[in-house]
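# Fold and contact review
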Amino acid sequence: MAQSVKGMRDLFGTELRWFQHIEETARRVFGRHGYGEIRTPILEELDVFKRSVGESSDIVNKEMYEFTDKGGRQVVMRPENTAGVVRAAIQHKLLNSSDPVLFYYIGQQFRYERMQTGRYRQFWQIGAESFGVATPESEAESLLMLHSFLTELGLKNLTFSINSVGTPESRPAFHAAFRAFFAAREAQFCEDCHRRIETNPLRVLDCKNEKCQAALEGHPVITDHLDEASAKHHARLKVLLTELGIPFEENPRLVRGLDYYTRTAFEVLSSDLGAQSALLGGGRYDLLVKHLGGPDVPAFGWAIGLDRLAMVLQQVRGEAPHSTPALLIPLGDRATLEALKLARNLWDAGVALQLETRGGALKKAMASANRLGIRTVLILGDGELEGGTVTVKHMATGEQESWPLGEVASRLASR
RNA sequence: GCGGCUGUAGUUCAGUUGGUUAGAGCACUGGAUUGUGAUUCCAGUUGUCGCCGGUUCGAGUCCGGUCAGCCGCCCCA
């Protein structure tokens, strides 16, 4: 039997309904914050990710679907969407004014990695990026939007975990202090951390190994080594979040995996998830636009994994909200033609209706309606045709009534 | 990329120390006055035991490989 490629997935049924519900909620919430959608290509030049995500990162080194196309171009299937959005914004000169530019995206990403539950090689991300504003206020705006988004999806007890990773200018001072700290208790750290301290020192901070977390007790804190502007920025954000009543906690061990982050980094935790695993992450990336060849424009953004979000929502909320159409069952030859005409009128009037066209016994059609979760069944037979009515059965209660044909559309609409 | 576990009807699973025609619940199909579902009763269908090879008189059961899924790690969010 033909099978989907490993890590690729087909979406349909109840799972897809959650995806759709999430996407609708995203569009509604982001739209009212003034964000516009952007759709960028799945294929980008390799260089876009090398220069943004970071040449040393595992994403770029090991996890990209990468190939040479027939024209000899080195292309990759995007492993994330921020780089593509930035590339597009630069290419179309969208960042050449002083106005803020607000984008959101919903799209598939690809990473060649080991699969686990809720984790695929083709996965979906929703993200929002705000360009052109460097203030803590713009971050508060973005986080408020995110908070509304998650709240409207029904997630509870959200906590924002925040930190500041400083700037390239302030980071060396911290790195030096941290390396000294590490060296003093080197033996207590795991093998991976010994590697990390060389390649990406900040990563030692979020090692999952309990011994490492214990050894980190009393470690130098990044926020103590910030430059003055970054420190002020960080303090201001905390004031704003407090004033806005957004629950947050400072987490000095919170870092980002991608190279392009500066200053604010954050994650969102929900009591609906396991205690330690984050639902999403994001932060400020003031250097990326310029780094990719654009103007010197600050930016802030975040991304959330749709596959995982849909899975969590299905667990905590069950079925995604959806409505089922009514079902029209004709009985007899004459009624079958009349039913087709009636259905056409109802469809044209905007009514959601499914038509039984198999022509079998009513009993079977009813059983079928039950399996499909249909709540309202319309029966049209010779008796109904005589009287110009349709028999309506409400599946939940079993009650039946008779509606005049002319009122079917309006009565179904107000169901 | 590294380590471990699993793979039997549509689905959830059972299948004794290898032994004859591989089972159950649910689902599905048909029926219990042909215009009434979900409840009840009766009857019935369902499988290359993931795939390929090996050991054996004999393999769902043991061994190897492979594919797929799951759990850690790495990585990410």
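In this text the structure is predicted, and so the values were computed from the model without any measurement.

### A look at the overall build of chain A
From N to C terminus, chain A includes 15 helices and 16 strands. Taken over C-alpha atoms, the radius of gyration comes to 28 Å for chain A, far larger than the 22 Å a tight globule of 415 residues would show. Across its three principal axes, chain A shows a C-alpha extent of roughly 90 × 55 × 45 Å. Put simply, chain A has 415 residues, and 47% of those count as buried. Taking the intrachain contacts of chain A between residues at least 6 apart in sequence as the baseline, contacts between residues at least 24 apart amount to 69%. When the accessible surface of chain A is split by element, carbon and sulfur atoms take 50% of a total near 20700 Å². Within chain A, one finds 49 positive and 52 negative side-chain charges whose respective centroids are separated by 4 Å.

### Some remarks on the pattern of salt bridges
A side chain of one charge can pair with a side chain of the opposite charge when the charged atoms of the two come close. Under the defined criterion, the tally for this structure stands at 21 salt bridges. A salt bridge links Asp-69 to Arg-73; the nearest nitrogen and oxygen atoms lie 2.8 Å apart. A relative accessible area of 21% places Asp-69 in the partly exposed class. For Arg-73, a relative accessible area of 48% puts it in the partly exposed group. Between Lys-238 and Glu-250 there is a salt bridge whose closest N-O contact spans 2.8 Å. Of this pair, Lys-238 sits in helix H9 (residues 228-244) while Glu-250 sits in strand E8 (residues 248-250), and the two are twelve residues apart along the sequence. You can call Lys-238 partly exposed: its relative accessible area is 23%.

### Describing the sheet that holds strand E1 (residues 36-37)
Strand order across the open sheet formed by eight strands is E1-E5-E6-E11-E10-E9-E7-E8, with mixed pairing between neighbours. Of all the strands in the sheet, just E1 and E8 have a single pairing partner and so form its edges. Across five bridges, the pairing between strand E9 (residues 262-270) and strand E10 (residues 280-284) is antiparallel. Bridge assignment links Glu-267 to a residue of E10, and that residue is Gly-281. Sheet strands in contact with helix H5 (residues 136-152) are strand E6 (122-131), strand E7 (158-164), E9, E10 and strand E11 (299-305), and its direction is about 20 degrees off that of E11.

### Here's the deal with the domain arrangement of chain A
Domain annotation of chain A identifies domain 1 (13-170 + 226-317) and domain 2 (326-414). Of note, the centres of domain 1 and domain 2, computed from C-alpha atoms alone, are 48 Å apart.

### Digging into a nonpolar patch on the surface
Where nonpolar side chains cluster on the molecular surface, the patch consists of Ile-42, Leu-43 and Phe-67 and spans about 230 Å² of accessible area. Note that Ile-42 resides in the loop between E1 and strand E2 (43-45). By relative accessible area, Ile-42 is classed as partly exposed at 31%.

### Considering the layout of surface pockets
By volume, the second largest pocket is sized at about 150 Å³. Lining the second largest pocket we find His-322, Ser-323, Thr-324, Arg-375, Thr-376, His-394, Met-395, Ala-396 and Arg-415. In terms of residue class, the lining of the second largest pocket is made up of two nonpolar, five polar and two charged.

### Side note on the protein's contact with RNA strand B
Lining the immediate environment of RNA strand B, one finds 41 residues, of which Arg-111, Arg-196, Asn-370, Met-395 and Gln-400 sit closest. Here Asn-370 contributes a side-chain N or O atom positioned 2.6 Å from a sugar or linking oxygen of RNA strand B. Measuring from a base nitrogen of RNA strand B, one finds a side-chain N or O atom of Gln-400 at 2.4 Å. Of all the secondary structure elements, the ones that give two or more residues to the surface near RNA strand B are helix H3 (58-62), helix H7 (191-199), E10, helix H13 (362-372), helix H14 (382-387) and strand E15 (389-394). It is H13 that contributes the most residues to the surface near RNA strand B, seven residues altogether. Among the residues forming the surface near RNA strand B, the class breakdown is 13 nonpolar, ten polar and 18 charged.

Quick notes on the rules
Residues numbered from 1 in each chain as written. Chains lettered and ligands numbered in written order. Predicted model: local features only at pLDDT ≥ 70, side-chain atom pairs only at ≥ 80, totals over all residues. Heavy atoms only, no water. Helix = DSSP H or I, 4+ residues; strand = E, 2+ residues; numbered from the N terminus. Rg over C-alpha atoms; globule rule 2.2 N^0.38 Å. Buried < 20%, exposed > 50% of the residue type's maximum accessible area, 1.4 Å probe, protein only. Contact = heavy atoms within 4.5 Å. Areas by Shrake-Rupley, 256 points an atom, 1.4 Å probe, with all protein chains shown as cover. Lys, Arg positive; Asp, Glu negative; His and termini not counted. Charge placed at Lys NZ, Arg CZ, Asp CG, Glu CD. Salt bridge = Lys/Arg side-chain N within 4 Å of Asp/Glu carboxyl O. Pairing = 2+ DSSP bridges. Axes fitted to C-alpha atoms, helices over the stretch in contact; angles between N-to-C directions. Domains from an automatic or database assignment. Patch = residues over 30% accessible without salt bridge, like charges linked within 9 Å, V, L, I, M, F, W, Y side chains within 5 Å. 1 Å grid on protein atoms, 1.4 Å probe; cavity = no way out; pocket = protein on both sides within 12 Å on 5 of 7 lines; lining within 4 Å. Points joined across faces, edges and corners; volume = space filled by probe spheres on them. Nonpolar A, V, L, I, M, F, W, Y, C, P; charged D, E, K, R; others polar. Near = heavy atom within 4 Å. Polar contact = N/O pair within 3.5 Å; in protein donor to acceptor, adjacent residues only side chain to side chain.

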